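Examination of the molecular architecture
So the chains spell out like this:
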Amino acid sequence: LAREFGVMAAKYGVMSQESLNDDARRKLLLLVAQSYYDILLAAENRRIALEDMSFQLKNLRETEIKHQYGAVPLSDVLNFQIQVNQADSDRLNAEFNYSKALFTLAALMGYPEGTLPDTVKFPEIKYDSDALLLSVDTYLDMALANRPDLKSYREQLKISEFNLYQTYSAFSPTFYASGSYGLSSTSNDYHGSNATSSTSYDSQALNYGLTAEWVLFNGFQRYNRTRQAQANVAIAQFTVAETWLTVVNDVRTAYANYDLNIKQANLYSAIRKLVFEQRDLVQAEYDAGQAEIVRLNEAQRNVVSAESQLVQALANVQKARAQLEAAANINNLGRGYYAVNGASATIKVLTEN
């Protein structure tokens, strides 16, 4: 059965390569989703920077008028000019991050120009507080049953086992059966002056045989090959166990990360409402001459920081969800598109085009 074992090993070799291909697809889908949300995050940071610049420009114009009438010192004017430049710097950084994420997504999706068409528009980051989150045991069951990298190592274990079975066949006797059959005919014709004669000869031959070969000792070569094959099986078993633990760790870490980012998004959403209310109160006090400009700067920085933290948390929620679904190999089961809230429609359009 040595040849049969070789065929089975080759079969599982093909299956292992197919599983590796599926694993590459799983990782690619995750990278696409992450790049997609990097684009949304950069767009939100650009919006925050533009709103900050608009706020600072408004105060700059009003302060310049007050300075002309001697109501405020020149330092207040310079303060808002500095804040405007800082907001513009934040805008430039956000636009760079947007372009970088855009180029990364285009490369992942195979666009030869290295960028996406100008007609592609991206939505705002949204947080779905009603998103269904299954139990961690459910994600673990799906991952352990369907992760292609784990399947590939299981198939490589089968290859090692069949290779081991092949080495056992070398200890068995080998039988050779042969057979042949032949038929020949000879005819002689004689022609003379007065008579004609002919003679015919027919012959048949049948040969058959059975031989056996059994190697009893060849210097421990077969034994050493068997030991080597057994070691390869043990290595494959340890690799499967190691990958099993890696899959479990990936799922549990992604699940905990998703839960953490949901809680942070809820907190930053509440903080954002408070700092906007606080900034408006400080603005009114500053306009009335009852608050220092330092206090207004601090209140505006709190607004910018709270908004930045909120959009970062919202992006992290979506990335964590994508990481969890990739760890469980949910969206690769049907070899379809990556379905993570708003990313699915855009990625589907980009892929079809």
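Fair warning: this is a prediction, and the values are worked out from it, not measured in the lab.

Assigned secondary structure in the chain consists of seven helices and two strands. Secondary structure elements of the chain, listed N to C terminal, follow the sequence α-α-α-α-β-β-α-α-α. Long-range pairs, those at least 24 residues apart, make up 77% of the contacts in the chain with a sequence separation of at least 6. Of the accessible surface of the chain, which amounts to about 21200 Å², a share of 55% is contributed by carbon and sulfur atoms.

All right, on to helix H6 (residues 293-327) then. For H6, built from 35 residues, the straight-helix expectation of 51 Å at 1.5 Å per residue is met to within 8% by its first-to-last C-alpha distance of 50 Å. Looking at the residues trailing H6, positive phi occurs at Asn 329, about 60°.

Membership of the largest hydrophobic core comes to 30 residues, with the highest contact counts inside it found for Ile 39, Leu 105, Leu 116 and Phe 122. Of all the secondary-structure elements, those providing two or more residues to this core are helix H1 (2-68), helix H2 (74-108), helix H5 (221-287) and H6. Residues Tyr 139, Ala 143, Leu 150 and Val 240 belong to the second largest nonpolar core, which totals 19 residues.

Below, the discussion takes up the packing of H1 against helix H4 (residues 148-169). Close contact between H1 and H4 brings their axes to 8 Å; oriented N to C, the two are set at 165°. Relative to H4, the element H1 lies roughly antiparallel. The crossing of H1 and H4 is left-handed. Residue classes in the contact of H1 with H4 are distributed as 11 nonpolar, nine polar and seven charged.

The next subject is unusual backbone geometry. One non-glycine residue, Asn 329, lies in the positive phi region at around 60°. With relative accessibility at 4%, the residue Asn 329 sits in the buried group.

Geometrically, a packed helix pair is captured by the angle between its two axes and the distance between the axes. The geometry of H1 relative to H6 is characterised by a closest axis approach of 10 Å and an angle of 170° between their N-to-C directions. In this view, H1 runs roughly antiparallel relative to H6, as classed from their interaxial angle. In terms of residue class, the contact of H1 with H6 is made up of 13 nonpolar, nine polar and eight charged.

On to the confidence of the model for the chain. Averaged over all residues, the pLDDT of the chain is 82; the fraction at 70 or higher stands at 84%. No element of the chain has a lower mean pLDDT than helix H7 (residues 343-352), at 44, and none a higher one than H2, at 93. Here residues 334-353 is modelled with pLDDT under 50, and outside its nearest four sequence neighbours on either side it reaches 45 contacts, counting other chains as well.

All right, on to the side chain of Thr 243 then. Take Thr 243: it is sitting in helix H5. Residue classification places Thr 243 among the buried residues on the basis of a relative accessible area of 8%. For Thr 243, the side chain forms a polar contact with the main-chain oxygen of Thr 239, separated by 2.8 Å. Other than its neighbours up to four places away in sequence, Thr 243 contacts Asp 149, Leu 150 and Tyr 153.

Scanning the model with the defined rule gives 20 salt bridges in all. For Asp 22, the salt bridge identified is with Arg 25, shortest N-O distance 2.8 Å. Of this pair, Asp 22 and Arg 25 both sit in helix H1, separated by three residues, roughly a single helical turn. Judged by relative accessible area, Asp 22 falls into the buried class, the value being 16%. Overall, the relative accessible area of 23% leaves Arg 25 in the partly exposed class. Put simply, Asp 23, Arg 26, Lys 27, Arg 147, Asp 149 and Asp 250 are held in one network by salt bridges that share partners.

Quick notes on the rules
Residues numbered from 1 in each chain as written. Predicted model: local features only at pLDDT ≥ 70, side-chain atom pairs only at ≥ 80, totals over all residues. Heavy atoms only, no water. Helix = DSSP H or I, 4+ residues; strand = E, 2+ residues; numbered from the N terminus. Contact = heavy atoms within 4.5 Å. Areas by Shrake-Rupley, 256 points an atom, 1.4 Å probe, with all protein chains shown as cover. Expected span 1.5 Å × (residues − 1). Core = buried A, V, L, I, M, F, W, Y, C linked by side-chain atoms within 4.5 Å. Buried < 20%, exposed > 50% of the residue type's maximum accessible area, 1.4 Å probe, protein only. Axes fitted to C-alpha atoms, helices over the stretch in contact; angles between N-to-C directions. Parallel < 35°, antiparallel > 145°, perpendicular 65-115°, else oblique. Left-handed = near helix turned anticlockwise from the far one by under 90°. Nonpolar A, V, L, I, M, F, W, Y, C, P; charged D, E, K, R; others polar. pLDDT = per-residue confidence, 0-100. Polar contact = N/O pair within 3.5 Å; in protein donor to acceptor, adjacent residues only side chain to side chain. Salt bridge = Lys/Arg side-chain N within 4 Å of Asp/Glu carboxyl O.

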